[in-house]
Every structure is written in C-alpha cells, then in structure tokens.
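Reading the structure
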Amino acid sequence: MVITTEKPALLGGSKVFPEPLPRYISISSQETEAAIQVLKSGILSDYIGAAGLYFMGGKQVRTLEEQWAKYFNVRHALSVNSATSGLHAAVIAAGVNFGDEVIVPPQTMSATATAVVIANGTPVFVDQEETNCCIDPEAVERAIRPRTKAIIAVNLFGGPAQLLRLRELADRHGLILIEDNAQAPGGQHQGRWLGTIGHLGVFSLNCHKTIQCGEGGIVVTNDDHLARRVALVRNHGENAIEAENWYEDADIVGYNYRLTELQAAIAQVQLQRLEELTQPRLKIAEALDQGLSEFKSLRTAKVGSGDRHVYYTYPIWIDPQQAGLSRDRFVEALQAEGCPVTGRYVRPLYRLPLFKKLQQQGKTIVSHPTGVCPIAEKTYSETLLSTTLIQIPRAIDLVDRFIASVAKVLAHAEELSQGKDE
Ligand SMILES: *Cc1c(COP(=O)(O)O)cnc(C)c1O
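So, here's what we can say about the structure. (Residues numbered from 1 in each chain as written. Predicted model: local features only at pLDDT ≥ 70, side-chain atom pairs only at ≥ 80, totals over all residues. Heavy atoms only, no water.)

1. Description of the nonpolar core
For clarity, the cut-off: Side-chain atoms within 4.5 Å link the members of a nonpolar core, which is a set of buried Ala, Val, Leu, Ile, Met, Phe, Trp, Tyr and Cys residues. Under the scheme applied here, a residue whose accessible area is under 20% of the maximum for its type counts as buried, over 50% as exposed, and between as partly exposed, the area being computed with a 1.4 Å probe on protein chains only. Helix and strand assignments follow DSSP, with helices taken as H or I runs no shorter than four residues and strands as E runs no shorter than two, numbered in order from the N terminus. Only heavy atoms matter for contacts: two residues are in contact if any of them lie within 4.5 Å across the pair.
Of all hydrophobic cores here, the largest spans 66 residues; its most connected members are L288, L292, L298, F330, F402 and V406. Of the residues forming this core, the biggest block, 7 residues, is contributed by helix α15 (residues 399-411). Apart from the residues within four sequence positions on either side, L292 is in contact with L298, T300, Y314, I316, I403 and V406. If you look at the next biggest cluster of nonpolar residues, it comprises 46 residues, including A94, V96, V102 and V219.

2. Focus on helix α9 (residues 261-272)
Where we set the bar: Each helix should span, by expectation, one fewer than its residue count multiplied by 1.5 Å.
Counted at 1.5 Å a residue, the expected span for α9 with its 12 residues is 16 Å, and the 17 Å between its end C-alpha atoms agrees. Burial of α9 is extensive: 10 of the 12 residues sit out of reach of the surface. When α9 is considered as a whole, its buried residues turn out to be E261, Q263, A264, A265, I266, A267, Q268, V269, Q270 and L271. Summarising the contacts, the buried residues of α9 are in contact with α1 (29-41), α2 (59-71) and α10 (274-292).

3. Quick notes on the sheet that holds strand β8 (residues 200-204)
In sheet architecture, strand pairing relies on hydrogen bonds along the backbone and comes in two forms, parallel and antiparallel. Stated precisely, the cut-off is as follows: By the convention used here, strands pair only if DSSP detects at least 2 bridges between them. Only the stretch in contact is used when fitting a helix axis, every axis being a line fitted to C-alpha atoms; angles between N-to-C directions are given from 0 to 180 degrees.
An order of β1-β9-β8-β5-β4-β2-β3 is seen for the 7 strands of this open sheet, with the pairing classed as mixed. A strand with exactly one partner marks an edge of an open sheet, and here the two such strands are β1 (76-80) and β3 (122-125). Averaged over all pairs of adjacent strands, the angle between their axes in this sheet comes to 25 degrees, without regard to strand direction. Strand direction decides the pairing type here: β8 and strand β9 (residues 217-221), joined by 4 bridges, are antiparallel. From the neighbouring strand, F203 faces β9, where its bridge partner is I218. Of the strands in this sheet, β1, β4 (148-154), β5 (176-180), β8 and β9 are in contact with helix α3 (residues 83-93), which crosses β8 at around 170 degrees.

4. Quick look at the side chain of N181
This is how it is decided: Pairing of N or O atoms within 3.5 Å defines a polar contact, subject to two protein rules: one partner must be a possible hydrogen donor and the other a possible acceptor, and residues neighboring in sequence count only if both atoms are side-chain atoms.
Within the secondary structure, N181 sits in the loop between β5 and β6 (188-189). A distance of 3.1 Å separates a polar side-chain atom of N181 from the backbone oxygen of L194.

5. What about the site of the ligand?
The cut-off we apply is this: Here, proximity means that at least one heavy atom of the residue falls within 4 Å of the molecule or strand. With residues, only the protein chains shown are counted as cover, and all accessible areas are computed by Shrake-Rupley using a 1.4 Å probe. Note that Gly is not counted as nonpolar here; it falls among the polar residues with everything else outside the nonpolar set of Ala, Val, Leu, Ile, Met, Phe, Trp, Tyr, Cys and Pro and the charged set of Asp, Glu, Lys and Arg.
Residues in contact with the ligand amount to 14 residues; listed here are only the nearest, T84, D180, S204, N206 and K209. One of the side-chain nitrogen or oxygen atoms of T84 is found 2.5 Å away from an oxygen atom of the ligand. Burial of the ligand by the protein amounts to 93% of the accessible area it has alone, namely 380 Å². For the shell around the ligand, the residue count by class is 4 nonpolar, 8 polar and 2 charged.

6. A closer look at the packing of aromatic side chains
Defined as follows: Geometry of aromatic contacts follows a simple scheme: Phe, Tyr and Trp rings, the Trp one being its six-membered ring, pair when their centres are within 6.5 Å, and the pair is stacked under 30 degrees between planes, edge-to-face over 60, tilted otherwise. Consider the ring centre and the ring normal. A charge sits over the ring if Lys NZ or Arg CZ is within 6 Å of that centre and within 35 degrees of that normal.
Tallying each qualifying case throughout the model produces 12 aromatic pairs. Ring geometry for F125 and Y350: centres 5.7 Å apart, planes at 65 degrees, overall edge-to-face. Taken together, the positions of F125 in strand β3 and Y350 in the loop between β12 (341-343) and α13 (353-361) put the pair 225 residues apart, joining distant regions of the chain. Residue classification places F125 among the buried residues on the basis of a relative accessible area of 0%. The buried category is assigned to Y350, whose relative accessible area is 6%. Clustering of aromatic rings is evident, with ring pairs tying together W68, Y71, F72, W193 and F203. The ring of W317 is capped by R299, whose NZ or CZ atom sits 4.3 Å from the centre of that ring.

7. Topic: α10
For α10, built from 19 residues, the straight-helix expectation of 27 Å at 1.5 Å per residue is met to within 8% by its first-to-last C-alpha distance of 27 Å. Those residues of α10 that fall on the buried side of the exposure criterion are L274, L277, T278, R281, L282, I284, A285, A287, L288, G291 and L292. In the core, the buried residues of α10 are packed alongside α2, α9, β10 (298-300), β11 (314-318), β13 (384-387) and α15.

8. Topic: the pairing of β8
Summarising burial for β8: 5 of the 5 residues are buried, a large majority. By the alternation rule, side chains of β8 split into L200, V202 and S204 and G201 and F203, which are all buried.

9. Digging into the sheet that holds β10
Read from one edge of the open sheet, 4 strands run β10-β11-β13-β12, paired in antiparallel fashion. Here the strands that pair on one side only, and so sit at the sheet edges, are β10 and β12. Each strand axis lies, on average, 30 degrees off the axis of its neighbour in the sheet, ignoring direction. In this structure, β11 lies alongside β13, joined through 4 bridges in antiparallel fashion. If you follow P315 over to β13, its bridge partner there is S386. Against the sheet, α10 makes contact with β10, β11 and β13, and its axis sits at roughly 15 degrees relative to β11, the strand it touches most.

10. Looking at the pattern of salt bridges
The cut-off we apply is this: One side-chain nitrogen of Lys or Arg within 4 Å of one carboxyl oxygen of Asp or Glu is enough to make a salt bridge.
Going through the model one piece at a time under the given rule, you end up with 24 salt bridges. The salt bridge partner of R75 is D224, with a shortest N-O separation of 2.6 Å. Of this pair, R75 sits in the loop between α2 and β1 while D224 sits in helix α7 (residues 224-234), and the two are 149 residues apart along the sequence. You can call R75 exposed: its relative accessible area is 53%. Using a relative accessible area of 41% as the deciding quantity, one classes D224 as partly exposed.

Here you go:
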C-alpha cells in the first residue's frame, strides 16, 4: 500500500495527476485503411428500402453482420445506426404496443427506457441488485402483470446481470428478454457471451464504447422471426411486406436505422480487435482491484466464476460511514487530484422530467410496483462512483498514482469532511 502524508489537493496540497490524461482513442491505421477503401469505391451506403437483396444492405454491412454472428456464435446479427435504434427495434420485434409493459432497471442510460416509450409501451422500473447495479430478478418477478410483454436487462459497466435466471423467468412467463449489452461486448455469463442469452441482445458501437464506428449498433438473436421483425423496423419494412408475403408483420412501421458502408467497414476491423482492445482494460482493472482491496471502506465489482467483466467503466462503491467521508466529497477530492472519477452515475430514470411528465399527462403510466427503488436511490446518491482509468491510451502505470490519490484522500477524511461545512 502506498503511504502518503501529503496534503490532498483540495486542502492546498499538490495534485497527484498534474497533467491532463490522454483522451480515449481506439482507432488505428487499420480502420483508417478500411474506411479509405470504402471511400474509394464511392459506395457509402447500399440499402434499398424495398424487398430484394439490398433490403438487407450492402457488402460491408452484410460482411460485418456475418462476422459478428460468427464471433458471438449467434444465428442473426443485424446492424443498426445506434444501440438506441436497436433497442427500439428490439422492443417492437418483441411485439410491444399500446398498453404493454416492459420491466426495466432504473440506473442505466436513458435509451433503455425511452426505447419502450417510443414503441408506445410503458416502462415499469424495478430495483437493482446492490452488488452489481443490474436488475434484480426477484424484483422483476414481483412486477410481472397481465400486460407485461418483455424485460430489458442491462449488463451495466461491462458486467453480467443474472441473465440465466432472467431468461428462465422470461420463458416461464412467456416474456421476451432483451439484453441491453451496449456496455459489455466480449463479456460473459457462465461461459456464454453477453448479449446472446436473452431472446434479443443489443450492442452499441458509439464512440465511447470498447469497440466503435462513431455511431452504430448491432441487434443479435437466434430467432428467425424476431430477426425479420428487426430488419423490417430498420429499413422501411412496410414496403417489403407484400412482395415477401410477411403479412403477419404488417403492423410494423419501418424507420431508417441503417448503418453506412463506411461505418460497417470500420466496425469490422474493430470487431477483429475486440480482444486486443479489451485486454488493457482488464489489466488495469486487475491492478485497481488489487490496490483498492487495501481500503476497507471501498468495494469493487465481484466477478462470479464463469463470468467475465469487460469494464466499460470501472465502478467503485464507498461506505461513507466507514470512510468518514461522503461519496460526493470523496469524488470531489479525487477529482482535485486529477483522477478521472465521477459520482452520481445516472439518476434513477423515473426521476427524469420526461417520465414525470408522461405520468402527469396520463399518456404513459410509469408504475413503480415497489414504490421507489431504494437500492438505486442509495447507490445513486451515496455509494457509487466510477473511473475511466481503464480507457486506452491510459495505461497500467497510472494505477499506482490513482491508488496513492485514494490513500491520500482517505487518510485525510476527517479534515476533508470538516472542510465541507466551512
Ligand atoms: C451507450 C448506451 C446506449 C445507447 O447507445 P447508442 O449507440 O449511443 O444509441 C444504450 N444503453 C446503454 C446501457 C448504453 O451504455
């Protein structure tokens, strides 16, 4: 353990990280080359919004999808222009319509729940597990009602929700399990790829994620009919219904959720580099696990055997009583040292003005069968923080200084707490 007697930066000491940390960039010359080839071809997108081969996109899009399906050992992979679009398509594919309820976790990126709203469904928020901030299967089971159609589980921060339990529960009740796997490509639960345990799984390729093409997403499923429905949502499906004799899906309103050839070519390279881009995160996370285990007031993600966490971001939980320091003051002091940390990872979504307004208007009733979600509330306001130290080109050599910052701040907890009241 690094011992330090130095003053925290917040109390006038010198910063542990005086220099700004490098920005997260995961694009190499391989992606640049792939993009240039597509530009040279002049074909930047190759979809046609009508029945026929190009209803499913051009060469780069279809190659990406074949590679994705093979990599994750799943029957269908359909690219879309964002995970938000993918979630919307998945919710529609699941058959959600006016009055149907979808059970969702409260502490996640807003698109997990807005995807339900834009499909005319009602998001029903249930609480999460304290250990991993993922949806609690018992809370899910209690919330199932006659109008429940689907469950969305989020593999938050890159670690698995209890997907096998949730899948069993969904199958037993005739519901569709959708995995929002935006944050966890390459993660596993009981030896199976995250994103492939639900009936549908949605990946993100936006610029913050481990692999990316600027903006983009992939929907995976082993079910032929669900895959077709996603394809109809993605590309003006109403134009293909008659020619293909798909009348049972005539309810679907199609959008333009198409990924371009340029993005698909970049995403192909990123998929090939997934493991290479994941390894540095795991190394830094392992060093953080070890360094932070010295502090009794801090807890890090527990990864079950057979599971694999891929650390989209690295979560840390503080026990403020034991630390003698509030989470917010802890974060403030670490930020003053130059550590890349944030507290308050998304407010429980039902507290957003949107959901309050919808409720007032009576258009969509966001129900909370268990009242508020006490674990999500406590996690949000008192215990959770996270760091992006795991993002390349940030490297393992920064970990010692991160741990030194934590040691310095916790050693001065009393002074820092008092400082707040002055
Ligand atoms: C990033 C993210 C999304 C949205 O992804 P986009 O590709 O930007 O639409 C959805 N859910 C979660 C959990 C995310 O982290």
